[in-house]
Amino acid sequence: MEPETAKKFFRQPKVVEHYAAAANRVGLWHSEEKIFTRLFNWDDSLLELGCGAGRIAVGLWEIGYRYITALDYSREMVTEARRINEMFEYGIFFHQGDATALKYDDETYEGAIFGFNGLMQIPGRENRRRAMREINRVLVPGSWFVFTTHDRDAHWRKSFWKEQKKLWKDGNQHPDLEMFGDLYYEPPEGGMMFIHTPTCNEIREDLKSAGFRIEADVLRHQLANEPPLVREFADECRFWVAQKPEK
Ligand SMILES: C[S@@+](CC[C@H](N)C(=O)[O-])C[C@H]1O[C@@H](n2cnc3c(N)ncnc32)[C@H](O)[C@@H]1O
């Protein structure tokens, strides 16, 4: 499957509406706020990848961060994010762009975020690695990169992946899928959504190959007890904290 096919999902009006509602009503998760405020200084210049309608960027602004650039591949998401930004008179810069080919100079940002499993919605391991390399390139040495993924090793997902293994062994997986862990599903907001569920080892290998040092990885429930609104919007995930090494 071409990456463009997966990205079309995020251009649909109902999907944009869903993420706009999240920007307005869900806001930052407790776990996100805890981790971001621990890692990032208030005057750091931050880059958010896969920002959707701005849930994380808007949340960061509202708790006091002032140098935020947020980017999404979907033009429709960026339009909605800008509308929210203007409505509240916030000063976030929203750009349309592709995380696998960033148009920013080397060593521009002092922190990067790819929240709510967005990095795993890029089809193809080499494309995900390319995004990681690009993020590494635009970060100032010593800066943090935070992102989340689902976790194929998680014990409560084991039976699902066992069934998937059988499906793949028999060649009955969706014909466009490339790698075990890839999945299409139909979320309530409609359409077909692509997501890759990695193992922890896979992410460790990818981060290292992109030049990152891994500081920590932790399941969301170990960080915070999220309120029902957050749990309805997003299920359990693993936070990854990586650092571009100092020179
Ligand atoms: C699960 S949504 C998360 C949106 C937002 N961060 C939130 O938490 O509400 C993932 C977002 O990543 C974006 N995305 C996927 N692949 C991308 C890429 N290669 N470059 C930039 N954005 C991408 C999608 O368009 C989508 O808006």
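Just so you know, these numbers come straight off a predicted model, no measurement behind them.

(A) Representation of the overall build of the chain within the structure. Tallying secondary structure elements over the chain gives 10 helices and nine strands in all. Against the 2.2 N^0.38 benchmark of 18 Å for 247 residues, the chain shows a C-alpha radius of gyration of 17 Å, consistent with a compact globule. C-alpha extents for the chain along the principal axes are approximately 55 × 45 × 35 Å. A fraction of 75% describes how many contacts in the chain between residues 6 or more apart in sequence connect residues 24 or more apart.

(B) Summary view of the site of the ligand. Lining the immediate environment of the ligand, one finds 24 residues, of which Phe10, Gly50, Gly52, Phe116 and Gly118 sit closest. Elements with a minimum of two residues in the shell around the ligand: α2 (13-26), α4 (55-63) and β2 (67-72). Tallied by class, residues from the shell around the ligand come to 12 nonpolar, eight polar and four charged.

(C) Broad picture of the sheet that holds strand β9 (residues 238-243). Reading across the sheet, the seven strands line up as β3-β2-β1-β4-β5-β9-β8 and stay open at both edges, with mixed pairing between neighbours. Edge positions in the sheet fall to β3 (93-96) and β8 (213-219), since each has one partner strand and no second. Taken pair by pair, the neighbouring strands of this sheet meet at an average axis angle of 15°, ignoring direction. Pairing between strand β1 (residues 45-49) and strand β4 (residues 109-114): four bridges, direction parallel. Opposite Glu48, over in β4, you have Ile113 as the bridge partner. Here helix α8 (residues 200-209) sits on the sheet and contacts β5 (139-149), β8 and β9; the angle it forms with β8, its principal contact strand, is near 155°.

(D) How the structure looks around the packing of α2 against helix α5 (residues 75-87). In the contact formed by α2 and α5, the axes pass within 10 Å of each other and the chain directions differ by 30°. Taken as axis vectors, α2 and α5 run roughly parallel relative to one another. For the pair α2 and α5, the crossing hand works out as right-handed. Touching Val16, Tyr19, Ala20 and Ala23 of α2 are Glu76, Met77, Glu80 and Ile84, all from α5. Here the residues of the contact of α2 with α5 sort into six nonpolar, no polar and two charged.

(E) Fine view of the environment of Gly27. Note that Gly27 resides in the loop between α2 and α3 (30-39). Residues Gly27 and Ile68, 41 residues apart in the sequence, show an inter-C-alpha distance of 16 Å.

(F) Quick look at unusual backbone geometry. Here the phi dihedral of Glu89 falls at roughly 60°; this positive angle occurs in a residue that is not glycine. Of note, Glu89 is situated in the loop between α5 and β3. Residues other than glycine seldom take positive phi values, yet Glu107 does so here, at roughly 55°. Its place among the elements puts Glu107 in the loop between β3 and β4. Judged by local crowding, Glu107 falls into the partly exposed class, with 14 C-beta atoms found within 10 Å.

(G) Focus on α4. Among all positions of α4, only Arg55, Ile56, Ala57, Val58, Gly59 and Leu60 are buried. Looking at the buried positions of α4, the neighbouring elements they touch are α2, α3, β1, β2, α5 and β4. In the stretch just after α4, Gly64 is the one whose phi turns positive, near 125°.

Reading the values: the criteria
Residues numbered from 1 in each chain as written. Predicted model: local features only at pLDDT ≥ 70, side-chain atom pairs only at ≥ 80, totals over all residues. Helix = DSSP H or I, 4+ residues; strand = E, 2+ residues; numbered from the N terminus. Rg over C-alpha atoms; globule rule 2.2 N^0.38 Å. Contact = placed C-beta atoms within 7 Å. Near = placed C-beta within 6 Å. Nonpolar A, V, L, I, M, F, W, Y, C, P; charged D, E, K, R; others polar. Pairing = 2+ DSSP bridges. Axes fitted to C-alpha atoms, helices over the stretch in contact; angles between N-to-C directions. Parallel < 35°, antiparallel > 145°, perpendicular 65-115°, else oblique. Left-handed = near helix turned anticlockwise from the far one by under 90°. Buried ≥ 20, exposed ≤ 12 C-beta atoms within 10 Å, placed from the backbone.

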